[in-house]
Amino acid sequence: MNKRTFLKACTLLGASAPWFSYAKTQTVESLASDEDFWEGIRGGYKLSPDFINLESGYYNITPEATLEKYFQHIRKVNAQGAYYMRTVQFDNKKRIAARVARLVGCPEDTLVLTRNTTESLDTIISGFPWKAGDEAIFAIQDYGAMQDMFKQVARRQGIVLKVISLPINPASDQEIVDLYAKAITEKTKLIMVCHLVNVTGQINPIRQICDMAHARGVEVMVDGAHAVAQIQFKISDLNCDYYGASLHKWLAVPLGVGILHVRKEKIAQIWPLLAEEGVPLTDIKHLNHVGTIPVYTDLAVDDAIDFYEKLGPARKEERLRYLQYYWTTKVRAIPRVRLHHPADPTKSCAIANVGIEGIKPSVLAERLMKEYKIFTVAIDGGNIHGCRITPNVFTTPRELDELVKAISELAS
């Protein structure tokens, strides 16, 4: 049996298929461009035949192996009804949160499951011990929902917002650090910074920013929505105070699960988004009252981590970076094409952003879909004007060739 036939046969066997074993026999670098192997991975997904999906940044399609386990969880919870909700729900949530903490590299008693990044970070923004005149710093490229919460807090509590703009191609990490440093005054209390900028894919030097800020008495909150399961890192290595992320993005959990990490000594000072009386203020669970939610989605986190770990964090990251570099290098020199994206391949992974002079981002996204059946998302703000392109492990170079062809034709 040749490799292609072997991998196709393996696809039928589900998440425990031998192609995970095959991956262990290959180097990370060689596997990144092994199209037979990735065709096997692709076979584990049900994808729409109507268009090429290059918008994995909003929500990662869940592989069939994880999805089937998810359906089993729904049936189990439904069969037990209120018994499940009043008893084992809480132990399961604690166990799964502990596993996620091990995955992202932070103490288990500093992380809780939320519903998404917005809930996680808005909890910190709204619950921070602000005083009138305090200052907060963030970038114009940061996610809009958190910017909105900062604006609401500014109106309610009289804090001052200082907004910087990140360069797409910084000369060095220090240039980014210096941008935040120059915005700090004696009134600065909190900096929000993206681990991976959602509109450009730029990876920020989080540890350096945190070290600089702490040396000046400023706390740092990190938006890690696009970092978890796209790139490898440990929260403990970042030295941040707060970290929020969504697990339905690159970890491909079904919709509705996020995480919030709070440095142990900072937990007591944060007011919860929803009240949770009877829990000590030093216990992060006092920040984690979410009411009645689809608890079976939390259970699917286990299965998503199983899939991710079998595929291999290094193998996935290398493949995603390979795919991004595959198409960006082909369009970078095309006249009128503008990549709002770092040229240094080590400063990004899957995400990139492309625009064409003279074509509004919304029009570009519309034409890509209508004329080429390529689905993307238009970004037209924060000094970024283009379409965000986010391939995934199921994306093929053939599909990216279609993107390159479309951009080339539209630009000419």
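What you are looking at is a predicted structure, and each value in this text was computed from that prediction instead of being measured.

## Notes on the overall build of the chain
Alright, step 1. Broken down by element type, the chain carries 16 helices and 13 strands.
Alright, step 2. Taking 22 Å as the expected radius of gyration for a compact globule of 412 residues, we find that the chain reaches 22 Å, a close match to that expectation.
Alright, step 3. Principal-axis analysis of the C-alpha atoms gives the chain an extent of 65 × 55 × 35 Å.
Alright, step 4. When the 412 residues of the chain are sorted by exposure, 56% land in the buried category.
Alright, step 5. Taking as baseline every contact in the chain between residues at least 6 positions apart, the subset at least 24 positions apart corresponds to 70%.
Alright, step 6. Per element, the accessible surface of the chain, about 17,600 Å² overall, is 53% carbon and sulfur.
Alright, step 7. Separation between the mean location of the 49 positive side-chain charges and that of the 47 negative ones in the chain comes to 2 Å.

## With respect to unusual backbone geometry
Alright, step 1. A positive phi angle is found at Ala229, which is not glycine, with a value near 75°.
Alright, step 2. Here Ala229 lies in the loop between strand S6 (219–223) and helix H12 (235–238).

## Here's the deal with the confidence of the model for the chain
Alright, step 1. Per-residue pLDDT for the chain averages 94, and the proportion of residues at 70 or more is 96%.
Alright, step 2. Confidence drops under pLDDT 50 across residues 12–16; counting only partners more than four residues distant or on other chains, this segment forms six contacts.

## Concerning the pattern of salt bridges
Alright, step 1. Applying the stated criterion across every chain, the model contains 23 salt bridges.
Alright, step 2. Two residues, Arg388 and Glu55, come together in a salt bridge whose shortest N-O distance is 3.1 Å. Of this pair, Arg388 sits in strand S13 (residues 384–389) while Glu55 sits in the loop between strand S1 (52–53) and helix H5 (64–80), and the two are 333 residues apart along the sequence.
Alright, step 3. Of the residues examined, Arg388 reaches a relative accessible area of 6% and is grouped as buried.
Alright, step 4. With a closest N to O distance of 3.0 Å, Arg99 and Asp302 form a salt bridge. Linking Arg99 in helix H7 (residues 88–104) with Asp302 in helix H13 (residues 295–311), this pair joins segments that are 203 residues apart in sequence.

## With respect to the nonpolar core
Alright, step 1. Val100, Tyr180 and Tyr243 are the most contacted members of the largest nonpolar core, which totals 80 residues.
Alright, step 2. The element best represented in this core is H13, accounting for eight residues.
Alright, step 3. Look past the residues within four positions of Tyr243 in its chain and what remains in contact with it is Leu121, His195, Val222, Gly224, Ala227, Val228, Phe233, Ile235, Leu238, Ile259, Leu260 and His261.
Alright, step 4. Counting 27 residues, the second-largest nonpolar core is a separate cluster that includes Ile52, Val354, Leu364 and Leu410.

## Observations concerning the sheet that holds strand S12 (residues 377–381)
Across a sheet, strands are paired by hydrogen bonds formed along the backbone, either parallel or antiparallel in direction.
Alright, step 1. Spatial strand order, S9-S10-S13-S12: four strands in an open sheet with antiparallel pairing. Each edge of the open sheet is held by one strand with a lone partner, namely strand S9 (337–339) and S12. For this sheet, the mean inter-axis angle between neighbouring strands, taken without regard to orientation, is 35°.
Alright, step 2. Where strand S10 (residues 352–356) and S13 come together, three bridges link them in antiparallel fashion. Across the sheet, Asn353 pairs through a bridge with Arg388, a residue of S13.

## So, the packing of aromatic side chains
Alright, step 1. Enumeration according to the criterion identifies 11 aromatic pairs in this entry.
Alright, step 2. Here Tyr70 and Tyr296 contribute two aromatic rings whose centre-to-centre distance is 6.1 Å and whose plane-to-plane angle is 65°, an arrangement assigned as edge-to-face. With a gap of 226 residues between them, Tyr70 in helix H5 and Tyr296 in helix H13 connect regions that are remote in the sequence.
Alright, step 3. By relative accessible area, which is 14% here, Tyr70 ends up buried.
Alright, step 4. Take Tyr296: its relative accessible area is 24%, and that puts it in the partly exposed class.
Alright, step 5. Residues Tyr322 and Tyr326 carry aromatic rings whose centres are separated by 6.2 Å and whose planes lie at 40° to one another, so their mutual orientation is tilted. Taken together, the residues Tyr322 and Tyr326, both in helix H14 (residues 313–331) and four residues apart, mark about one turn of the helix.

## Looking at the sheet that holds S6
Alright, step 1. In space, the seven strands of this open sheet follow the order S2-S8-S7-S6-S5-S3-S4, with mixed pairing throughout. What marks the edges here is a single partner per strand, and that holds for strand S2 (111–114) and strand S4 (160–164). Taking the axes of each pair of neighbouring strands and ignoring which way they run, one obtains an average angle of 20° across the sheet.
Alright, step 2. Against the sheet, helix H8 (residues 117–127) engages S2, S6, strand S7 (242–246) and strand S8 (258–262), with an angle of about 155° to S7.
Alright, step 3. Each of strand S5 (188–194) and S6 touches helix H11 (residues 206–215); the most contacted strand, S6, lies at about 160° to it.

## Notes on the UniProt feature "domain: Aminotransferase class V" (unreviewed entry) in the chain
Alright, step 1. Cross-referencing UniProt, the feature "domain: Aminotransferase class V" (unreviewed entry) maps to residues 66–375 in the present numbering.
Alright, step 2. Secondary structure over residues 66–375 splits into 44% helix and 15% strand, and the C-alpha atoms at its two ends are 24 Å apart.

The rules we used
- Residues numbered from 1 in each chain as written.
- Predicted model: local features only at pLDDT ≥ 70, side-chain atom pairs only at ≥ 80, totals over all residues.
- Heavy atoms only, no water.
- Helix = DSSP H or I, 4+ residues; strand = E, 2+ residues; numbered from the N terminus.
- Rg over C-alpha atoms; globule rule 2.2 N^0.38 Å.
- Buried < 20%, exposed > 50% of the residue type's maximum accessible area, 1.4 Å probe, protein only.
- Contact = heavy atoms within 4.5 Å.
- Areas by Shrake-Rupley, 256 points an atom, 1.4 Å probe, with all protein chains shown as cover.
- Lys, Arg positive; Asp, Glu negative; His and termini not counted.
- Charge placed at Lys NZ, Arg CZ, Asp CG, Glu CD.
- pLDDT = per-residue confidence, 0-100.
- Salt bridge = Lys/Arg side-chain N within 4 Å of Asp/Glu carboxyl O.
- Core = buried A, V, L, I, M, F, W, Y, C linked by side-chain atoms within 4.5 Å.
- Pairing = 2+ DSSP bridges.
- Axes fitted to C-alpha atoms, helices over the stretch in contact; angles between N-to-C directions.
- Phe/Tyr/Trp six-rings, centres within 6.5 Å; stacked < 30°, edge-to-face > 60°.
- UniProt positions renumbered as here; feature names shortened; annotations may be inferred.

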